[in-house]
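# A look at the structure
Listed below are the residues making up each chain.
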Amino acid sequence: MSDVLASLLARIRNKTAAVGIIGLGFDVDPLKVAKLNAGRSYIKQTPDAAVAAMRAAGFEATDRFDRLGEPDAVLVCVPTPLTDARDPDLTYVVASAQAVAAQLRRGQLVVLESTTYPGTTRDVVLPALEATGLEAGRDFFLAFSPEREDPGNPTYSVTSIPKVVGGLDAAAGDAACALYGTVVPKVVRVSTPEVAEACKILENTYRAVNIALVNELKVLYDRMGIDVWEVIDAARTKPFGFQPFYPGPGLGGHCIPLDPFYLAWIARRYGMNTRFIELAGEVNTAMPAYVVSKVADALNRAGKPVKGSKVAVLGMAYKKDVDDPRESPGFELIDLLLKKGAVVSYNDPHIPALPKMRHWPHLGPMTSAPLTAEYLAAQDCVLVATDHSAYDYGFIVANSRLVVDTRNATRGVTVGRDKVVQA
């Protein structure tokens, strides 16, 4: 073992190693930095008390990237979106690698956590770091360890989810495993960064493909007059060989709608088309249009055209009980309804105002309308897009003329069922 590695491991084990996180401790947004340093959180799922406790323990935030030479370990946790052509956009990863390289010193551990295609750590991050003249495995250490989180899930958090770690070499694997072993219940060490990168892509593709399956079955069973939700509930009683997935108005969030296309993109570089992934993407991206068609049909049965009808979208977060609208299908639902001439508003108890989204720049500013009986009664259709626990669905159905439910959120409502349409 080299002296450089031994020194780093010693600092990790005696808990004197400093850790810097690009995307939290290091951030380009001075407003976020100011909030964190004031002991306040900018993420709803993380309470202010947690940030205050971090500050008391020595945490600080900064927008000075020239301080990246201070930490013993630098974790890169930045977005990996898609371009408009659905190709990987590694802008943030490349910028982070260059920022680290500008301050890289001997003995540092660098770990990429951003979800990406297999080969990114070795082919994109490593050259940027070694352009400094320092050598991986001798002067510094490089690994990949994908983030694993389920926002809004109280059962699983960082302290209860195993961490997959793939080092560029044995020394990097030793250092990264030692670091994460201080905070997670189990470290799952794999042989290379590529295996760790592929692991994350597999996890998200697995979900995307299975959600596409139930979305397609939802459309089929609707035509057959069969309740897909009842079918899934029946199937999930099987104690083996089946895991329930649920349909919805489309995929949302920063992972499942995007990450499988990273694998599809790299597959094309190897002369292969990933047909399952592409097909799943087609099915899932078609869901908002299907939902809007169900709204149009429901309004038509009530003797109303979509044009001029008031439609309230309930829930703009991409999943229940979170305040994250990234890639939410709600934006496309609003866009499609507006294009058909509907008068659209929304309510979300977690999102008081809709942020500007780069894929929907033409949507004007909107704020959450109060969910009152009067508001509901004034709507021609209430569209349940996200099934937040805060909603009283009995109250919603009772005070609405028509409810289109994309999440089976109204399943427990018995009064006024004739006003509910599943989509």
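Bear in mind that the values here come from a model prediction, so they are computed numbers and not experimental data. (Residues numbered from 1 in each chain as written. Predicted model: local features only at pLDDT ≥ 70, side-chain atom pairs only at ≥ 80, totals over all residues. Heavy atoms only, no water.)

## Some points on empty space enclosed by the protein
To be explicit about the condition: Cavity and pocket criteria rest on a 1 Å grid covering protein atoms alone: a 1.4 Å probe that fits but cannot get out defines a cavity, protein on both sides within 12 Å along at least 5 of 7 lines defines an open pocket, and an atom within 4 Å of a point defines a lining residue. Grid points are joined across faces, edges and corners, and a volume is the space filled by probe spheres set on the points. Counting from the N terminus, the helices are the DSSP runs of H or I reaching at least four residues and the strands are the DSSP runs of E reaching at least two. Residues were grouped as follows: Ala, Val, Leu, Ile, Met, Phe, Trp, Tyr, Cys and Pro as nonpolar; Asp, Glu, Lys and Arg as charged; and all remaining residues, including Gly, as polar.
Summed over all chains, the structure comprises one cavity of 30 Å³ or more. If you go around the largest cavity, the residues you meet are Val76, Val93, Ser96, Ala97, Val100, Val110, Leu112, Val125 and Leu129. Looking at the lining of the largest cavity, the elements with two or more residues in it are helix H4 (91–103), strand S3 (109–112) and helix H5 (120–130). With four residues, H4 is the largest single contributor of residues to the lining of the largest cavity. Of the residues that constitute the lining of the largest cavity, the class distribution is eight nonpolar, one polar and no charged.

## Observations regarding the environment of proline 185
Here is the rule: Only protein chains enter the accessibility calculation, which uses a 1.4 Å probe; a residue is then buried when its area is under 20% of its type maximum, exposed when over 50%, and partly exposed in between. When checking whether two residues touch, look at their non-hydrogen atoms; a contact exists if any pair is within 4.5 Å.
By the secondary structure assignment, proline 185 is in the loop between helix H6 (170–180) and strand S6 (187–190). Judged by its relative accessible area of 51%, proline 185 falls in the exposed class. In this structure, the C-alpha to C-alpha distance between proline 185 and serine 160, residues 25 residues apart in sequence, is 5.8 Å. When neighbours within four sequence positions are excluded, proline 185 is seen to be in contact with Val158, Thr159, Ser160, Ile161 and Pro162.

## With respect to the pattern of salt bridges
Any two side chains of opposite charge can pair, given that their charged atoms come close. Threshold: We define a salt bridge as a side-chain nitrogen of Lys or Arg found within 4 Å of a carboxyl oxygen belonging to Asp or Glu.
Considering all chains together, one arrives at 20 salt bridges under this definition. A salt bridge links glutamate 147 to lysine 200; its shortest N-O distance comes to 3.4 Å. Of this pair, glutamate 147 sits in the loop between strand S4 (141–144) and strand S5 (163–167) while lysine 200 is found in helix H7 (residues 193–224), placing the two residues 53 residues apart along the sequence. Overall, the relative accessible area of 18% leaves glutamate 147 in the buried class. One salt bridge in this structure joins arginine 268 and glutamate 278, with 3.3 Å as the shortest N-O distance. Linking arginine 268 in helix H9 (residues 259–269) with glutamate 278 in helix H10 (residues 275–285), this pair joins segments that are 10 residues apart in sequence. On the basis of relative accessibility, which here comes to 39%, the residue arginine 268 falls in the partly exposed class. Taking the relative accessible area as the measure of exposure, glutamate 278 reaches 28% and is therefore partly exposed. A network of salt bridges, in which partner residues are shared, links Arg106, Glu135, Arg138 and Asp139.

## Section: the packing of aromatic side chains
Put simply, the rule reads: To pair, rings of Phe, Tyr and Trp, with the six-membered ring standing in for Trp, must have centres within 6.5 Å; the planes then decide the type, stacked if under 30 degrees apart, edge-to-face if over 60, and tilted in the middle. Consider the ring centre and the ring normal. A charge sits over the ring if Lys NZ or Arg CZ is within 6 Å of that centre and within 35 degrees of that normal.
Throughout the structure, instances matching the rule amount to six aromatic pairs. The interplanar angle of 75° and the centroid separation of 5.5 Å between the aromatic rings of tyrosine 206 and phenylalanine 245 together place this pair among those described as edge-to-face. Taken together, the residues span a long stretch of sequence, with tyrosine 206 in helix H7 and phenylalanine 245 in the loop between helix H8 (228–235) and H9 at a distance of 39 residues. We classify tyrosine 206 as partly exposed; its relative accessible area is 40%. On the basis of relative accessibility, which here comes to 10%, the residue phenylalanine 245 falls in the buried class. Centroid distance tyrosine 391 to tyrosine 393: 5.9 Å. Interplanar angle 75°. Geometry classified as edge-to-face. On the accessibility criterion, tyrosine 391 (7% relative accessible area) is buried. Tyrosine 393 sits in the buried class, given a relative accessible area of 12%. Following the ring pairs from residue to residue traces out a cluster consisting of Tyr117, Tyr262 and Trp265. The positively charged end of arginine 86 is found above the aromatic ring belonging to phenylalanine 261, 4.5 Å away from the centroid. For the cation-ring pair, lysine 163 lies above tyrosine 180, with the distance from its terminal atom to the ring centre recorded as 4.5 Å.

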